[in-house]
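Letter by letter, the chains look like this.
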2 protein chains.
Amino acid sequence: MNAPSATSPGAELWFTERQTPDLALSLRVVRTLWQETTPYQELLVAETASFGRLLALGGTVQLTERDEFFYHEMLAHVPLAAHRAPRRVLVIGGGDGGTVREVLRHPGIERVDLVEIDAAVVRAGREYFPSLSAALDDPRVRVHVGDGIAFAAAAGAGDYDAVLVDSTDPVGPAVGLFEAPFFRSLARLVGPQGIVVAQSESPLLHGELIAATAHAMAEAFARVSLYLCPVPTYPSGQWSFLVATQGADPSRPRPGASPSGTRYYTPAVHAAAFALPPYAAAHLEGVGR
Amino acid sequence: MNAPSATSPGAELWFTERQTPDLALSLRVVRTLWQETTPYQELLVAETASFGRLLALGGTVQLTERDEFFYHEMLAHVPLAAHRAPRRVLVIGGGDGGTVREVLRHPGIERVDLVEIDAAVVRAGREYFPSLSAALDDPRVRVHVGDGIAFAAAAGAGDYDAVLVDSTDPVGPAVGLFEAPFFRSLARLVGPQGIVVAQSESPLLHGELIAATAHAMAEAFARVSLYLCPVPTYPSGQWSFLVATQGADPSRPRPGASPSGTRYYTPAVHAAAFALPPYAAAHLEGVGR
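Heads up: these notes are all about the structure in this document. Quantities reported herein were computed from a predicted structural model and do not represent experimental measurements.

**Regarding the relation of the copies chain A and chain B**
After a rotation of 180° and a shift along the axis of 0.0 Å, chain A superposes on chain B with an RMSD of 0.0 Å. On this basis, the relationship between the two copies can be described by a two-fold rotation axis. Comparing interface residues between copies, 100% of those in chain A also sit at the interface in chain B, which points to an isologous, same-surface contact.

The structure is reproduced here in structure tokens:
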């Protein structure tokens, strides 16, 4: 008897994300490993045929094992290499652990707080994505299940050097993570020397969201910049991040800051990610620098 | 009566490219405009719902009006801005005219020869993609329908300053465009000061092809480099180009070389495209610089 398989000869199982009403990406699936309706979203873990394991939330790809390194490296290393000496980091979202794993590559890190609203995401990470979630067992890390907006509002001024917003798309509970009151909280948390980064969707497909989010950030920060990287399984294959400081230039990594073991990030890639093509730079018009 | 539509309420028409056996990209289609079996390939022109018109050859996306600028700008402007004074350019493939359109943005250009093997591609371009094919009516441009490998073998030494290889995927008639004898022809055509660029597929999915093509180029050129750009409707959403010279650094645009009217290319984007992430740089191991 053969090993159990989700499909018979002549049949195939595919995960298809309708990324926009007119654009879809499909990954062939060997078998689904877990499906659950959490209090917040539909959660799916599947073994794909050639992208490793897949985590989808609300029907959208959060990560595949094959291409998660683009996103997690660029979300973590750009702000942490730009900051002069990051020690205390807050990660909002990212319950799978991928962002925390990258944060811990920086030797000066003393403490990481992770705030994930959906306990099921943390459970799925621990069960099915050990290469990401193992980071959550590091003694410097504390995992909080709760609302990131409330957590940020309650934390103390200057409690963190960097905040990384590893959110889902701006629907449901994530909407507030793209708005000005939240960024004002974060500005208070990181103080005048701190740095904040937020994933900000596709520069090709979501230009209006990038513009609105940049304006919201600019209400709380003196300097808001955009940088880009590829993420093959995200809509359009290209992604963006907004990074905010009270004046420091986020595009220049400090000497010696390069984390080891990366597959996408280097100091040269860091600087290059800020070389914006005109079509993407247009999203930041009127935001200052 | 409503306007004719390819679909009824409740039905949708989709173009789906199986980019690998396990990965597919789908674009919603309003109607197909032209389908033809040419002597070389299946040709499809369709009106998509939000990516403008689509040209597919052999079932693979060649361009959509919405995202063709990434590819055509980076194929043309990197070599032409890096060369010290390009006047005569050979484009192999690219019968749609998009690459020639970008070449003509450089004011010093005196002559462009385009060699397209499939006359149907040129016809489809002229009929359905005027924003690309209008460039082919420029008096500096000559369109040759024929085999690019034979054309290059027959052309004279030093006839061109730059050759841009705008090929389809390496199957069928395009296979030879990725091999050493062809690159030796091109080295002869451009001479010691010339520059050659070839599209070289996805750095995530086609690393072995990039490595093999780079080695083939290195048999004829002293310096072979790789650069990257996003192309949302191509497999993995990220694409690569191999560029070859007899020593000149292709990563630095000459001052004042920047073409006007671009949406992706700038001199800073040019330099940034050569900042390779480690996973992509690995494809060039053993090729020298």
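Having seen it, we continue.
**Observations regarding the packing of aromatic side chains**
The final tally for this structure, using the stated rule, is 22 aromatic pairs over all chains. A centroid spacing of 6.0 Å and a plane angle of 40° characterise the contact between tryptophan 34 of chain A and tyrosine 128 of chain A, whose relative ring orientation is tilted. One end of the pair, tryptophan 34 of chain A, is in strand E2 (residues 23-37); the other, tyrosine 128 of chain A, is in helix H3 (residues 119-128), and 94 residues separate them in sequence. Taking relative accessible area as the criterion, tryptophan 34 of chain A reaches 23% and is therefore assigned partly exposed. When its relative accessible area of 16% is taken as the criterion, tyrosine 128 of chain A is described as buried. With centroids separated by 5.3 Å and ring planes inclined at 85°, the aromatic side chains of tyrosine 279 of chain A and phenylalanine 70 of chain B adopt a geometry described as edge-to-face.

**A few points about the pairing of strand E4 (residues 53-57) of chain A**
Side-chain direction in a regular strand flips from residue to residue, so the side chains alternate between the two faces of the sheet. All names here are of chain A. Burial of E4 is extensive: four of the five residues sit out of reach of the surface. When strand E3 (residues 42-48) meets E4, the two strands line up antiparallel, connected through five bridges. Note that in E4 the partner of leucine 43 across the bridge is leucine 57. The hairpin formed by E3 and E4 contains four residues between the paired strands, and glycine 52 there has a positive phi angle of roughly 70°. As paired strands, E4 and strand E5 (residues 60-64) are joined by four bridges and run antiparallel to one another. Bridging from a neighbouring strand, leucine 54 pairs with threonine 64 of E5. What sits between the antiparallel neighbours E4 and E5 is a turn of two residues, in which glycine 58 has the positive phi angle 60°.

**Brief notes about the interface of chain A and chain B**
Taken together, the contacts link 37 residues of chain A with 37 residues of chain B. The junction of chain A with chain B conceals about 3,000 Å² of combined surface from both sides, 63% of it contributed by carbon and sulfur atoms. Connecting chain A to chain B are four salt bridges. The salt bridge partner of glutamate 12 of chain B is arginine 18 of chain A, with a shortest N-O separation of 2.9 Å.

**Let's talk about the sheet that holds strand E8 (residues 141-145) of chain B**
Residue and element names in this part refer to chain B. Reading across from one edge, E8-E7-E6-E9-E10-E12-E11 is the order of the seven strands in this open sheet, with mixed pairing throughout. Edge strands, defined here as strands with exactly one partner in the open sheet, are E8 and strand E11 (223-230). Each strand of the sheet is rotated relative to its neighbour by a mean of 15°, with strand direction disregarded. Pairing between strand E10 (residues 195-199) and strand E12 (residues 238-245): five bridges, direction antiparallel. Considered in E12, the bridge of valine 197 is made with valine 243.

**Observations regarding the sheet that holds strand E8 (residues 141-145) of chain A**
Residue and element names in this part refer to chain A. With mixed pairing, seven strands are arranged side by side in an open sheet as E8-E7-E6-E9-E10-E12-E11. Looking at which strands have only one partner, the edges of the open sheet turn out to be E8 and strand E11 (223-230). For this sheet, the mean inter-axis angle between neighbouring strands, taken without regard to orientation, is 15°.

**Observations regarding the side chain of histidine 106 of chain B**
Structurally, the position occupied by histidine 106 of chain B is in the loop between helix H2 (98-103) and strand E7 (111-116). A relative accessible area of 3% places histidine 106 of chain B in the buried class.

**Quick look at the environment of threonine 32 of chain B**
All names here are of chain B. Within the element layout of this structure, threonine 32 appears in strand E2 (residues 23-37). What makes threonine 32 partly exposed here is its relative accessible area of 40%. Separated by 14 residues in the primary sequence, threonine 32 and alanine 46 place their C-alpha atoms 4.1 Å from one another. In this structure, threonine 32 is in contact with Leu44, Val45 and Ala46, ignoring residues within four places of it in sequence.

The rules we used
- Residues numbered from 1 in each chain as written.
- Chains lettered and ligands numbered in written order.
- Predicted model: local features only at pLDDT ≥ 70, side-chain atom pairs only at ≥ 80, totals over all residues.
- Heavy atoms only, no water.
- Least-squares fit on C-alpha atoms with pLDDT ≥ 70 in both.
- Contact = heavy atoms within 4.5 Å.
- Phe/Tyr/Trp six-rings, centres within 6.5 Å; stacked < 30°, edge-to-face > 60°.
- Helix = DSSP H or I, 4+ residues; strand = E, 2+ residues; numbered from the N terminus.
- Buried < 20%, exposed > 50% of the residue type's maximum accessible area, 1.4 Å probe, protein only.
- Pairing = 2+ DSSP bridges.
- Buried area = accessible area lost by both parts, 1.4 Å probe.
- Salt bridge = Lys/Arg side-chain N within 4 Å of Asp/Glu carboxyl O.
- Axes fitted to C-alpha atoms, helices over the stretch in contact; angles between N-to-C directions.

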